[in-house]
Structure formats: C-alpha cells, structure tokens
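# Topology and contacts: notes
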Amino acid sequence: MAEAYDPGNIFAKILRGEIPSHRIYEDDAVVAFIDVMPQGVGHTLVVPKAPSRNILDADPATFAPLFAVVQKVAVAVKKAFNADGVTILQFNEPASGQTVYHLHVHVIPRFEGVPLKPHSGQMEKPEVLAENAGKIRAALGN
Ligand code: 5GP
C-alpha cells in the first residue's frame, strides 16, 4: 500500500509560504520555483498545490493543469537560457530517486554536450538562483 502524504514535507512548506523559494510562476492549481540543488542552469520544479505523494496517488485531475505549466516553463527556460533542449524528469518513491514526497516535475534546460549534474547534489548560491529566476520570469513575461 502507498504511504500516506505527509503535510510536513519541504514542498508543502514552500507552498504554504513557511519557507522561502524563488517562485517563477503561480496560478490557482500550480506553483513553479527554482531547484536549490540544480542539475543544470535554470533547473525548475513545477508543483501542483493539490497534495499527493507522487504520481502513484495523485488525483488524475491534477495532471492537466500541472503539465500545462510544465510546458509553459519548458518554453520559458529554453528561451531564458538559449538552451538546445529541455529535459523533463519525475520520480516516484525512493527506489526511483524521489527525495521530496509531494508530487513535482523537474524542468531542466539542456545544452549540446553538457551532462546533467548529480540529482540533489550541490547547493547553488542564492544570488545565482535569484538571477536565474529573474531570467525565467522575464521569459514568461512576468
Ligand atoms: P526528487 O528527488 O524528490 O524528485 O527531487 C527533489 C528536488 O528538490 C531535488 O532536485 C532537490 O535539489 C530539490 N530540493 C530539495 N530541497 C529543496 C528546497 O528546500 N528548496 C528547493 N527549491 N528545492 C529543494
């Protein structure tokens, strides 16, 4: 049986505004913010407000608004960083590499010949995250 959703997880705290994040997008159903341990420049997380642990227990109604924002953010990061492509990643349960148990989708700009950095690797400097968030907001027209 799937484990229960824990409202104390770090993304639930970010959604409630209890801990800070570099938000680049928000609507009624979805928030997007910069990953603090980016696997590449502009690595963004797209997070539905509806609580679920991951894709396995999510209400299917979550996916249409979530992936509409994944697409918006993918287009914006590609433009913001003049990327050659965009990788979309999503992990479910520890065996897959999931480390935060609130459903989220990774959107990572990609450049020819540049490998991804490790997942949940090194913390980026706050000023770099802030600058990259500004570039993505500008590309979104926010
Ligand atoms: P997962 O492994 O669950 O798919 O990914 C969780 C992601 O959240 C990782 O890429 C990790 O770098 C990122 N992350 C972990 N803690 C925080 C945090 O406090 N703030 C932000 N913005 N990202 C976080």
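Predicted model, so just to flag it, every value in this text is computed and none were measured.

## Focus on helix H2 (residues 63-80)
- Between its terminal C-alpha atoms H2 stretches 25 Å, which fits the 26 Å expected from 18 residues at 1.5 Å a residue.
- Just downstream of H2 lies asparagine 82, where phi reads positive at about 50 degrees.

## Overview of the side chain of asparagine 132
- As for its position among the elements, asparagine 132 is in helix H3 (residues 126-140).
- Looking at asparagine 132, the relative accessible area reads 9%, which means it is buried.

## Brief notes about the UniProt feature "domain: HIT" (unreviewed entry) in the chain
- What UniProt calls "domain: HIT" (unreviewed entry) maps, in this numbering, to residues 10-117.
- Helix makes up 22% of residues 10-117 and strand 23%, with an end-to-end C-alpha separation of 22 Å.

## Overview of the site of the ligand
- Residues in contact with the ligand amount to 18 residues; listed here are only the nearest, Asp35, Thr99, His104, His106 and His119.
- A distance of 2.4 Å separates an oxygen atom of the ligand from a polar atom in the side chain of aspartate 35.
- Between the ligand and the protein, one listed contact pairs an oxygen atom with a side-chain N or O atom of histidine 119 at 2.5 Å.
- In isolation the ligand offers 520 Å² of accessible surface; the protein chains occlude 92% of this area.
- Of all the secondary structure elements, the ones that give two or more residues to the shell around the ligand are helix H1 (10-15) and strand S2 (30-34).
- Among the elements that take part in the shell around the ligand, H1 stands out by supplying 3 residues, more than any other.
- Split by residue class, the shell around the ligand holds 10 nonpolar, 7 polar and 1 charged.

## Here we look at the packing of aromatic side chains
- This model, assessed by the stated rule, comprises 1 aromatic pair.
- When the centroid spacing of 5.4 Å and the interplanar angle of 75 degrees are considered together, the rings of phenylalanine 11 and phenylalanine 33 count as edge-to-face. Here phenylalanine 11, found in helix H1, pairs with phenylalanine 33, found in strand S2; they are 22 residues apart in sequence, far enough to count as distant. With respect to burial, phenylalanine 11 and phenylalanine 33 carry one shared label: buried.

## A closer look at the sheet that holds strand S5 (residues 105-110)
- The strand order across the open sheet built from 5 strands is S1-S2-S3-S5-S4, with neighbouring strands paired in antiparallel fashion. In this open sheet, the two strands that pair with only one neighbour each are strand S1 (23-26) and strand S4 (85-89). Across this sheet, the average inter-strand angle for adjacent strands is 20 degrees, counted without regard to direction.
- In terms of strand pairing, strand S3 (residues 44-48) meets S5 through 3 bridges, oriented antiparallel. If you follow leucine 45 over to S5, its bridge partner there is histidine 106.

## Concerning the environment of alanine 76
- Within the secondary structure layout, alanine 76 lies in helix H2.
- For the pair alanine 76 and isoleucine 136, spaced 60 residues apart in sequence, the C-alpha to C-alpha distance is 6.0 Å.
- With near-sequence residues (within four places) excluded, alanine 76 lies in contact with Ile136, Ala139 and Leu140.

## What to know about the pairing of S1
- Both S1 and S2 contribute to a ladder of 3 bridges, which runs antiparallel. Residue pairing in the sheet places glutamate 26 in a bridge with valine 31 of S2.
- Between S1 and S2, which pair antiparallel one after the other, the connecting turn spans 3 residues.

Criteria and cut-off values
Each chain carries its own residue numbering, running from 1 in the direction its sequence is written. Residue-level local features of this predicted model are given only where pLDDT is at least 70; pairs of side-chain atoms are given and counted only at 80 or more, and the full residue set underlies all totals for whole chains, interfaces and linings. As a rule here, side-chain values come from all non-hydrogen atoms in the structure, and water together with hydrogens is ignored. Helix and strand assignments come from DSSP, with helices taken as H or I runs of at least 4 residues and strands as E runs of at least 2, each series counted from the N terminus. To estimate the expected span of a helix, subtract one from its residue number and multiply by 1.5 Å. Burial classes: relative accessible area under 20% of the type maximum marks a residue as buried, over 50% as exposed, and values in between as partly exposed (1.4 Å probe, protein chains only). UniProt positions are given in the numbering used here, feature names are shortened, and annotations may be inferred rather than shown by experiment. Residue proximity to a molecule or strand is established when one non-hydrogen atom of the residue lies within 4 Å of it. Polar contact criterion, stated in full: a pair of N or O atoms within 3.5 Å, where within protein one must be able to donate a hydrogen and the other to accept it, and residues adjacent in sequence count only if both atoms are side-chain atoms. For accessible areas, the Shrake-Rupley method is used with a probe of radius 1.4 Å. Any residue's cover is judged against the shown protein chains and nothing else. All amino acids are sorted into three groups, where Ala, Val, Leu, Ile, Met, Phe, Trp, Tyr, Cys and Pro are nonpolar, Asp, Glu, Lys and Arg are charged, and the leftover types, Gly among them, are polar. By convention, a stacked pair of Phe, Tyr or Trp rings (six-membered ring in the case of Trp) has centres within 6.5 Å and planes under 30 degrees apart, an edge-to-face pair has planes over 60 apart, and any other such pair is tilted. Here a strand pair is declared whenever DSSP counts at least two bridges between the two strands. Throughout, an axis means a line fitted to C-alpha atoms (over the contacting stretch in the case of helices), and angles, computed between N-to-C directions, take values from 0 to 180 degrees. The contact rule is simple, with two residues in contact once any of their heavy atoms fall within 4.5 Å.

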